[in-house]
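Survey of secondary and tertiary structure
Spelled out, the chains give:
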2 protein chains.
Amino acid sequence: MLGLMQQWPLLCHKIIDHAAAQHSRREIVSRSIEGPIVRTTYEQVRERSLRVAARLAAEGFERGDRIATLAWNGARHIEAWYGIMGMGGVYHTLNPRLFPDQIAWIMNHAEDKALFVDLTFLPIVAKIAPLVKSLKKIVVLTDAAHMPAGAPAGAVPYEEWLAEAATGFEWLAMDENEACGMCYTSGTTGDPKGVVYSHRSNVLHAMMAALPDAMGVSSRDVILPVVPMFHANAWGLAQSAPMVGAKLVMPGGKMDGASIYELLDTEKVTFTAAVPTVWLMLLQYLEETGKKLPYLKKVVIGGSACPRAMTKKFQENYDVEVIHAWGMTEMSPLGSLGTQKPETMHLTGEAKLDMQEKQGFAPFGVEMKVTDDDNRELPHDGKTFGRLKVRGPAVAASYYGGAGQEQFDAEGWFDTGDVAHIDENGNMQITDRAKDVIKSGGEWISTITLENLAVGHPDIAEAAAIGIRHPKWDERPLIVAVAKPGKSPTRESLIAFMDGKIAKWWMPDDVVFVSEIPHTATGKIQKTTLREQFKDYRLPTE
Amino acid sequence: MLGLMQQWPLLCHKIIDHAAAQHSRREIVSRSIEGPIVRTTYEQVRERSLRVAARLAAEGFERGDRIATLAWNGARHIEAWYGIMGMGGVYHTLNPRLFPDQIAWIMNHAEDKALFVDLTFLPIVAKIAPLVKSLKKIVVLTDAAHMPAGAPAGAVPYEEWLAEAATGFEWLAMDENEACGMCYTSGTTGDPKGVVYSHRSNVLHAMMAALPDAMGVSSRDVILPVVPMFHANAWGLAQSAPMVGAKLVMPGGKMDGASIYELLDTEKVTFTAAVPTVWLMLLQYLEETGKKLPYLKKVVIGGSACPRAMTKKFQENYDVEVIHAWGMTEMSPLGSLGTQKPETMHLTGEAKLDMQEKQGFAPFGVEMKVTDDDNRELPHDGKTFGRLKVRGPAVAASYYGGAGQEQFDAEGWFDTGDVAHIDENGNMQITDRAKDVIKSGGEWISTITLENLAVGHPDIAEAAAIGIRHPKWDERPLIVAVAKPGKSPTRESLIAFMDGKIAKWWMPDDVVFVSEIPHTATGKIQKTTLREQFKDYRLPTE
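Residue numbers run consecutively from 1 along every chain, following the written order of its sequence. Key to labels: chains lettered from A, ligands numbered from 1, both in the order written. Restriction of local features to residues with pLDDT of at least 70 applies here, the model being predicted, together with a cutoff of 80 or more for giving and counting side-chain atom pairs; totals for whole chains, interfaces and linings are based on all residues. Neither water nor hydrogens contribute to the side-chain values; these are computed over all heavy atoms in the structure.

Observations regarding the sheet that holds strand β14 (residues 321-327) of chain A
All names here are of chain A. Strand pairing is assigned whenever DSSP detects at least two bridges linking the two strands. The helix count covers DSSP runs of H or I at least four residues long, the strand count covers runs of E at least two residues long, and both are numbered beginning at the N terminus. A sheet is described by the order of its strands in space; here eight strands give the open sequence β2-β1-β11-β10-β12-β13-β14-β15, paired in mixed fashion. The open sheet has two free edges, formed respectively by β2 (37-41) and β15 (334-337), since each of these has just one partner strand. The mean inter-strand angle of the sheet, taken between neighbouring strand axes irrespective of direction, is 20°. Sheet topology note: the β14/β15 ladder contains three bridges and is antiparallel. For tryptophan 326, the partnering residue across the bridge sits in β15 and is serine 336. Any two residues having at least one pair of non-hydrogen atoms within 4.5 Å are treated as being in contact. Angles shown run from 0 to 180 degrees and are taken between the N-to-C directions of axes, each axis being a line fitted to C-alpha atoms and, for helices, limited to the stretch in contact. Its contacts with the sheet place helix α11 (residues 308-318) against β13 (298-301) and β14, and it is angled at close to 145° to β14.

Here it is, written out as structure tokens:
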């Protein structure tokens with residue numbers, strides 16, 4: 001027996017329709033690439049999205065075509081997204097921080113047919129355009145007056161292109177399981193892998209993300225997504241914000257402390273989200289200038305683990321609540337958020353900061369478990385860590401083209417590649433990447449714990465822990481460390497510093513000082529390179 | 001091109017799975033029918049729901065079978081719901097306030113095969129059981145010790161029935177569009193009509209309802225749904241609360257001021273919802289006792305228009321925010337909620353109360369428009385009223401058995417039968433029922449406006465406005481009024497009182513005093529009976 005409820009497919013353009021109907025005059029404020037702050041509204045954004053869709057359809061782009069974007073967060077980028085999706089296309093966000101060759105590889109793999117690009121990235125386009133055979137159209141997100149002389153041949157300015165669009169376009173009627181977006185994981189090993197979002201997964205993710213225990217955003221919020229749309233969908237905010245009718249403030253290409261502060265202050269931003277690096281710059285700016293954050297209520301921090309000192313500063317010096325979050329491109333991207341449950345809401349001071357080192361709990365729509373290597377589920381005791389596996393309507397079922405099949409099991413669980421424990425209240429904490437964890441005598445040692453502890457040493461700037469082959473224990477920890485400028489910490493002082501703070505058998509067998517630790521394009525420590533570099537290293541304990 | 005995201009159907013039992021996984025020890029506190037306050041948890045409720053499902057399946061009940069419930073709000077009722085849905089059954093809530101003949105008619109129409117019933121309602125069951133041929137099983141929501149001597153033949157006590165259930169049952173894998181619940185509209189005219197909810201519509205509704213601009217509930221909330229599960233799904237709270245992990249406080253059969261206050265106070269309730277009648281009793285109790293509401297933050301009031309004085313008292317005397325809401329059984333039931341948008345959040349005092357007389361705006365997932373009789377969309381100016389039509393994934397597409405087809409159009413819009421206007425900020429206000437509105441000279445007169453104005457007269461207890469046939473104007477308004485005890489208001493004094501407060505052509509052509517106005521089982525004025533009674537009435541203006 002079927003229910004007798006309406007067939008109302010979950011389509012992304014219904015989000016912008018809702019915003020235009022219910023929150024028509026709510027603003028989207030963008031720091032434009034051309035310079036000035038530009039203001040528009042949901043009603044206008046919807047109208048222009050319809051023009052994008054009309055124009056793409058008129059030029060022969062079809063349902064299912066991948067249309068790339070290489071752009072900062074701004075209203076035009078949002079218009080492009082909704083326009084692409086609304087004509088049945090698939091927005092494909094490209095990460096400008098990758099090498100041009102990598103971007104071209106990704107575009108060829110996705111067979112992108114058109115590209116919307118910000119002025120900033122035209123030099124990249126000059127390099128990649130000749131390499132991508134499928135590319136038929138380049139639209140530069142500016143107007144004719146700002147088109148540079150050296151723009152790629154055939155590239156057209158967005159405003160003039162849009163002005164030619166026919167009016168009266170209607171969004172395509174589609175199945176909610178049709179693709180609407182695509183994003184490749186940066187991947188520290190192997191080729192990038194493409195995640196293909198559906199209309200359904202994006203809409204459900206936007207709802208999950210807006211719930212009070214997740215982002216908790218409303219029409220009364222002013223949201224500044226510093227996290228880029230090209231990085232895991234701006235954590236869903238380009239969809240959650242119009243869904244709830246929040247005002248959006250888009251930072252364009254300027255992420256420095258002064259620029260972010262200017263927007264937070266002049267636009268009275270209440271909610272923002274970004275990776276820790278951005279907040280380091282902002283906090284430094286605030287400390288230098290003595291400025292405060294009177295309007296900001298909440299900041300979501302993820303992408304990599306949020307340092308305890310950062311949480312403390314936001315909360316104690318600026319009265320801004322920190323929500324530590326975790327997610328993945330494969331999860332649309334939100335997986336868990338560190339909002340306090342009733343069991344922990346009374347905590348203050350150091351006890352609260354302890355709790356906030358965890359990445360929080362999963363909203364409805366994310367199932368989560370930790371397992372050992374034999375797929376046995378581990379207890380939720382806040383200590384026992386294992387492989388973190390997830391399931392849900394906004395979690396990938398496979399990668400584009402079928403890569404990485406070993407990450408998906410028959411029961412639908414996706415192996416995140418992260419290692420974590422979950423406590424009795426459901427709060428999860430990432431302790432490592434599965435491929436980085438050190439396996440010593442059949443037990444696991446968390447490299448993140450070792451690294452966090454090591455960088456607590458006053459003379460150490462950065463540290464990486466890797467497993468070195470050991471004849472008896474299989475692997476044992478080695479700390480690779482970088483000294484702070486002008487400091488000369490010793491092996492012995494670091495070991496003495498760590499001693500007593502972790503289990504004896506977790507203590508590193510050796511410490512090596514280097515001048516630099518290798519990083520990926522997205523700023524993560526490149527453990528593969530490091531392991532390669534130290535593959536013949538012999539521990540003194542061998 | 002399809003998205004590559006997981007097929008994770010939106011099934012109601014995933015809500016209770018989530019609650020048990022993420023909020024396992026969160027309590028459900030129930031005032032039991034037997035008397036004492038009983039405490040359980042989401043983990044226990046899930047475990048017992050699985051037993052309900054196992055037991056029903058073992059007794060031969062099948063996917064699609066309608067299983068009725070005739071019960072107050074309590075943990076056992078919730079267990080029954082999730083158990084019924086999880087074995088593929090369809091919970092069918094019966095309203096005990098209907099006449100037994102009506103209940104039997106509804107049960108026969110739905111072909112209910114089993115019934116879960118509270119002790120309170122056994123006298124009703126004694127009357128209806130012989131009339132419902134499809135009924136094979138009656139489970140009384142109590143234990144053997146409390147089974148009364150006169151229980152219907154074959155009825156079994158829930159606790160002992162549950163104890164016999166096999167463990168290890170697994171929820172049925174289903175399509176999300178399968179039916180999971182059923183509720184008949186009371187209907188002031190014609191036979192009751194059955195609304196059939198799907199798993200998908202209930203899950204989406206629960207998410208919409210929990211959003212910050214709607215109910216805005218979180219794991220930190222303690223929710224007291226006074227609105228019954230048998231009345232429009234307890235406004236979705238039996239699903240939204242476990243979805244977000246909120247503590248639930250269930251009032252059982254006691255809705256009087258003292259009983260509700262006791263729960264609000266001892267359980268530190270932060271959020272509650274009910275029809276105005278319940279709040280009248282509570283406010284009266286608070287005024288008599290001088291008690292306060294230190295924990296309660298928000299009250300949602302709907303079902304019928306919330307009187308301005310009630311909103312004022314809650315907010316000004318008790319510091320409790322009122323959210324005026326509107327919905328229908330056909331909408332699962334939420335349609336709009338009067339949370340303040342940024343455009344109105346600065347309002348205070350009378351201006352805020354003015355705004356709060358509106359029923360608010362639609363969350364994502366509810367499309368709303370007002371049209372004239374020719375289906376032309378009317379402007380959102382806060383004045384022009386017309387037929388209110390809605391669309392969405394939790395809105396009915398038809399009634400069970402195909403009744404009432406004239407309410408659904410080809411574009412999927414459901415005609416609510418309400419008359420409303422929508423303002424420039426999207427806030428909707430109900431002005432009448434379409435069948436009650438008075439059509440005078442081609443224009444509409446709102447009977448609700450006339451009635452609200454008439455009862456403002458110091459000597460009038462209740463008033464109804466109906467249209468009387470008029471040779472020139474088609475219809476003209478007649479006020480049917482009941483005097484307050486010991487008062488004798490006159491026609492002239494009422495007309496003088498109303499004069500100048502509404503447009504001249506809205507003024508009633510006559511006033512009639514009666515000793516009583518007829519009401520429906522759910523307390524609404526029975527306009528059909530009234531119109532029948534006055535069908536030959538001749539207005540002095542004729």
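Some words on unusual backbone geometry
In this chain, serine 332 of chain A is followed by proline 333 of chain A through a cis amide linkage whose omega measures 10°. Relative to the elements of secondary structure, proline 333 of chain A occurs in the loop between β14 and β15. Of note in this structure, aspartate 474 of chain A is not a glycine but carries a positive phi near 80°. Backbone geometry places asparagine 375 of chain B, a non-glycine residue, at a positive phi of 65°. Mapped onto the elements of the fold, asparagine 375 of chain B is located in the loop between β16 (367-371) and β17 (386-391). Look at asparagine 375 of chain B and you get partly exposed, because its relative accessible area is 34%. Each residue is placed in one exposure class: buried if its accessible area under a 1.4 Å probe, protein chains only, is under 20% of its type's maximum, exposed if it is over 50%, and partly exposed if it falls in between.

A closer look at the relation of the copies chain B and chain A
Superposition of chain B onto chain A requires a rotation of 180° combined with a translation of 0.0 Å along the rotation axis, giving an RMSD of 0.2 Å. Expressed as an axis order, the relation between the two copies is that of a two-fold axis. Considering only C-alpha atoms, the part of chain B nearest the rotation axis is leucine 211 of chain B, at 2.5 Å. A symmetric contact is evident, with 100% of the interface residues of chain B recurring at the interface of chain A. To superpose the copies, least squares is applied to the C-alpha atoms of every residue with a pLDDT of at least 70 in both.

Some thoughts on the pairing of strand β5 (residues 114-117) of chain A
Residues and elements named next belong to chain A. Side chains of β5 alternate between two faces, with Ala114 and Phe116 and Leu115 and Val117 buried alike. With four bridges joining them, strand β3 (residues 66-70) and β5 adopt parallel strand pairing. By the bridge assignment, threonine 69 is partnered in β5 with phenylalanine 116. Relative to strand β6 (residues 137-140), β5 is paired through four bridges, and the arrangement is parallel. Paired with phenylalanine 116 across the two strands is valine 139, which belongs to β6.

A word on the interface of chain B and chain A
Many descriptions give the size of an interface as the accessible area lost when the pieces come together. Counting from both sides, the interface comprises 75 residues of chain B and, opposite them, 75 residues of chain A. Once two parts are brought into contact, the accessible area they lose, counted with a 1.4 Å probe and summed over both, makes up the buried area. In total, about 6,000 Å² of surface goes out of reach between chain B and chain A, with carbon and sulfur atoms giving 60% of it. Among the salt bridges present, the one from aspartate 213 of chain A reaches arginine 220 of chain B, with a minimum N-O distance of 2.8 Å. Here a polar contact is recorded for every N or O atom pair within 3.5 Å, except that within protein the pair must consist of a potential hydrogen donor and a potential acceptor, and residues adjacent in sequence are included only if both atoms are side-chain atoms. Joining chain B to chain A, the criterion identifies 38 residue pairs in polar contact (both at pLDDT 80 or more). The term salt bridge refers to a side-chain nitrogen of Lys or Arg lying within 4 Å of a carboxyl oxygen of Asp or Glu.

Regarding the packing of aromatic side chains
The relation between two aromatic rings is expressed through the spacing of the ring centres and the mutual angle of the planes. Geometry of aromatic contacts follows a simple scheme: Phe, Tyr and Trp rings, the Trp one being its six-membered ring, pair when their centres are within 6.5 Å, and the pair is stacked under 30 degrees between planes, edge-to-face over 60, tilted otherwise. Applying the stated rule across the entire model yields 30 aromatic pairs over all chains. Plain terms: the ring middles of tryptophan 81 of chain A and tyrosine 91 of chain A are 4.1 Å apart, the flat faces sit at 15° to each other, and that makes the pair stacked. Of this pair, tryptophan 81 of chain A sits in helix α3 (residues 75-86) while tyrosine 91 of chain A sits in strand β4 (residues 90-93), placing them 10 residues apart in sequence. Tyrosine 91 of chain A carries the same exposure label as tryptophan 81 of chain A, and that label is buried. Judged by centre distance (6.4 Å) and plane angle (40°), the ring pair of phenylalanine 385 of chain B and tryptophan 444 of chain B falls under tilted. Here tryptophan 444 of chain B lies in strand β21 (residues 443-445) and phenylalanine 385 of chain B lies in the loop between β16 and β17, a separation of 59 residues in the sequence. In textbook terms, an aromatic cluster arises when at least three aromatic residues are bridged by ring pairs, as seen for Phe385, Trp444, Trp505 and Trp506 of chain A. Of note, lysine 501 of chain A hangs over the ring of phenylalanine 497 of chain A, and the distance from its end group to the ring centre comes to 4.0 Å. When the NZ atom of lysine or the CZ atom of arginine is within 6 Å of a ring's centre and also within 35 degrees of its normal, the charge is said to sit over that ring.

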